[in-house]
Amino acid sequence: MNKKIKQTLLVGALATATFSATPLLANGLQVGEMDSAGRIQTQSTFKDGKMTTKVAHAEAKFNVALTEALRAVITLELASALNGTVDKDDLERILEEAYIEADSKYATIRFGKMTTELNKVFAKMAIPENDQLYSINRKEGVMAVQFELTPEALKIAKNAVDSMSVTIFENGSNDFEISEHKGVNVRASKALSDKLTAEVSALWAQHAGGTEKGATMSLAYQIDDGTVAWAKVQWMDNNPVYVGSNYGAVVGVSKKVGPGSIVLQASFVEAYGADLGASYVFQLTEVITLAPEVRYNTDSKQTTVAVAMTITGQKRFKFLSDLNGQ
């Protein structure tokens, strides 16, 4: 297929998901309804005296209610196609998530291709994927089964935690094959007060270089005026990204200033230096967000300036009646 035609079709697929800015909650879906959500983000980066601009994200996400307890979730990541870098592995790269979600009394169970996170501590910078610890806390495009415990199940443990999930995954990514390398992560959180929340997690995963082990502990503190402060400590062993490093940490604060929020963050990874960053995130319109950021790495002595512009939209419709023309 001609590349231009392919790009046009992919843009059209994303556009169908970006109809309005009305907030939606997938768990409010009725049988025969579908939520569609779209996000386009461009990033312009100035580094080493050069300016580059790219489509960093172009997501179309569809959440379909098949029965009262069963949903299908599909997420398309079209950025590579819009940047003109599609190849023979188009489908595997573009189909970012494709899983079935089922509710039971004691757990919500997800099975299929998905992104699993070691922890969900605040990622408030304009471009969070530039954070030092971002990539090592995410397993993207892996085949997995996840069990997220319900409040009913947590009562059995006398509410020792407020949330808990267990994910078993194959440690390959962005393909439909099952890797010989397996992994598991466990994550739990607990509100220590109405303002302070703690989270702990643990990871065990095989990869070509051996077995990776990791654990995190984080705290987030919410202040009445909208200010949020957070801190995380991370232990790692045989991590394939930060070879030879045993620990890392991040602290940050976000505060509403003017029409948006300013974010200050500092992180450190053993043997890889520290990252100091600041960003400002604000809404230009109901659907458009503009967010500049600046980062400095003490190891490379490099300063990076970037700005992200994001357009989002959502729509819900009854796909059964729409297909029948009703």
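Note that the structure is a prediction, hence the values are computed from the model and not measured. (Residues numbered from 1 in each chain as written. Predicted model: local features only at pLDDT ≥ 70, side-chain atom pairs only at ≥ 80, totals over all residues. Heavy atoms only, no water.)

1. Remarks on the overall build of the protein chain
Along the protein chain, the regular secondary structure elements total five helices and 16 strands. Among the 326 residues that make up the protein chain, the fraction classed as buried is 40%. The long-range share in the protein chain, meaning contacts at least 24 apart out of those at least 6 apart in sequence, stands at 51%. Element-wise, carbon and sulfur atoms account for 61% of the exposed surface of the protein chain, whose accessible area totals about 17100 Å². (Helix = DSSP H or I, 4+ residues; strand = E, 2+ residues; numbered from the N terminus. Buried < 20%, exposed > 50% of the residue type's maximum accessible area, 1.4 Å probe, protein only. Contact = heavy atoms within 4.5 Å. Areas by Shrake-Rupley, 256 points an atom, 1.4 Å probe, with all protein chains shown as cover.)

2. With respect to the environment of Ser300
Here Ser300 is to be found in the loop between strand S15 (288-297) and strand S16 (302-318). Given the relative accessible area of 36%, Ser300 is considered partly exposed. Ser300 sits 25 residues away from Asp275 along the chain, and the two C-alpha atoms are 9.8 Å apart.

3. Details of the pairing of S15
Here S15 shows a buried face lined by Thr289, Ala291, Glu293, Arg295 and Asn297 and an unburied face lined by Ile288, Leu290, Pro292, Val294 and Tyr296. In this structure, strand S14 (residues 273-283) lies alongside S15, joined through seven bridges in antiparallel fashion. The partner of Ser279 across the bridge, within S15, is Glu293. In this sheet, S16 lies alongside S15 in antiparallel orientation, the contact comprising 10 bridges. (Pairing = 2+ DSSP bridges.)

4. A look at unusual backbone geometry
Look at Asp48: it is not a glycine, yet its phi comes out positive at around 55°. Residue position: Asp48 is located in the loop between strand S1 (33-47) and strand S2 (50-65). The phi dihedral of Asn238 is positive, around 60°, even though this residue is not glycine. Tracing the chain through its elements places Asn238 in the loop between strand S11 (228-237) and strand S12 (247-257). The class of Asn238 is partly exposed, set by a relative accessible area of 33%.

5. Side note on the confidence of the model for the protein chain
With 86% of its residues at a pLDDT of 70 or more, the protein chain has an overall mean of 86. Predicted confidence is poor over residues 1-25, with pLDDT under 50, and the contacts of this stretch with residues over four places away or in other chains come to 50 contacts. Between residues 322-326, whose pLDDT stays under 50, and residues either more than four places distant or in other chains, the model counts two contacts. (pLDDT = per-residue confidence, 0-100.)

6. A short note on the nonpolar core
Listed in full, the 11 residues of the largest apolar core are Met34, Val55, Ala58, Ala60, Phe62, Val64, Leu76, Leu78, Ala79, Ile94 and Leu95. Core analysis: the second largest hydrophobic core is formed by nine residues, Tyr99, Phe169, Leu203 and Ala205 among them. (Core = buried A, V, L, I, M, F, W, Y, C linked by side-chain atoms within 4.5 Å.)

7. Concerning the packing of aromatic side chains
If you walk through the whole model with that rule in mind, you get three aromatic pairs. Note on Tyr247 and Phe268: the rings are 6.2 Å apart at their centroids and 40° apart in plane angle, and the pair reads as tilted. Highlighted residues: Tyr247 in strand S12 and Phe268 in strand S13 (residues 260-269), separated in sequence by 21 residues. Owing to a relative accessible area of 38%, Tyr247 belongs among the partly exposed residues under this scheme. (Phe/Tyr/Trp six-rings, centres within 6.5 Å; stacked < 30°, edge-to-face > 60°.)

8. Examining the pairing of S14
Across 10 bridges, the pairing between S13 and S14 is antiparallel. Paired with Val263 across the two strands is Ser279, which belongs to S14. Following S14, the chain reverses through four residues before pairing antiparallel with S15.

9. Focus on the pattern of salt bridges
If you walk through the whole model with that rule in mind, you get 14 salt bridges. The partner of Glu140 in a salt bridge is Arg138, and the shortest N-O contact between them spans 3.0 Å. Of the residues examined, Glu140 reaches a relative accessible area of 36% and is grouped as partly exposed. In this structure, the salt-bridge partner of Lys139 is Glu212, at a minimum N-O distance of 3.4 Å. Here Lys139, found in strand S6 (residues 138-149), pairs with Glu212, found in strand S10 (residues 210-222); they are 73 residues apart in sequence, far enough to count as distant. Grouping residues by exposure puts Lys139 and Glu212 together as buried. (Salt bridge = Lys/Arg side-chain N within 4 Å of Asp/Glu carboxyl O.)

10. Some points on the side chain of Ser261
If you trace the backbone, Ser261 turns up in strand S13. Look past the residues within four positions of Ser261 in its chain and what remains in contact with it is Ser254, Lys255, Lys256, Ser279, Tyr280 and Val281.

11. Description of the environment of Gly32
Here Gly32 lies in the loop between helix H1 (3-15) and S1. Spatially, the C-alpha atoms of Gly32 and Thr67 are 7.7 Å apart, while their sequence positions differ by 35 residues.

12. So, the side chain of Asp131
Looking at the secondary structure, you find Asp131 in the loop between strand S5 (107-117) and S6. In contact with Asp131, other than residues within four places in its own chain, are Met125, Gln265 and Arg295.

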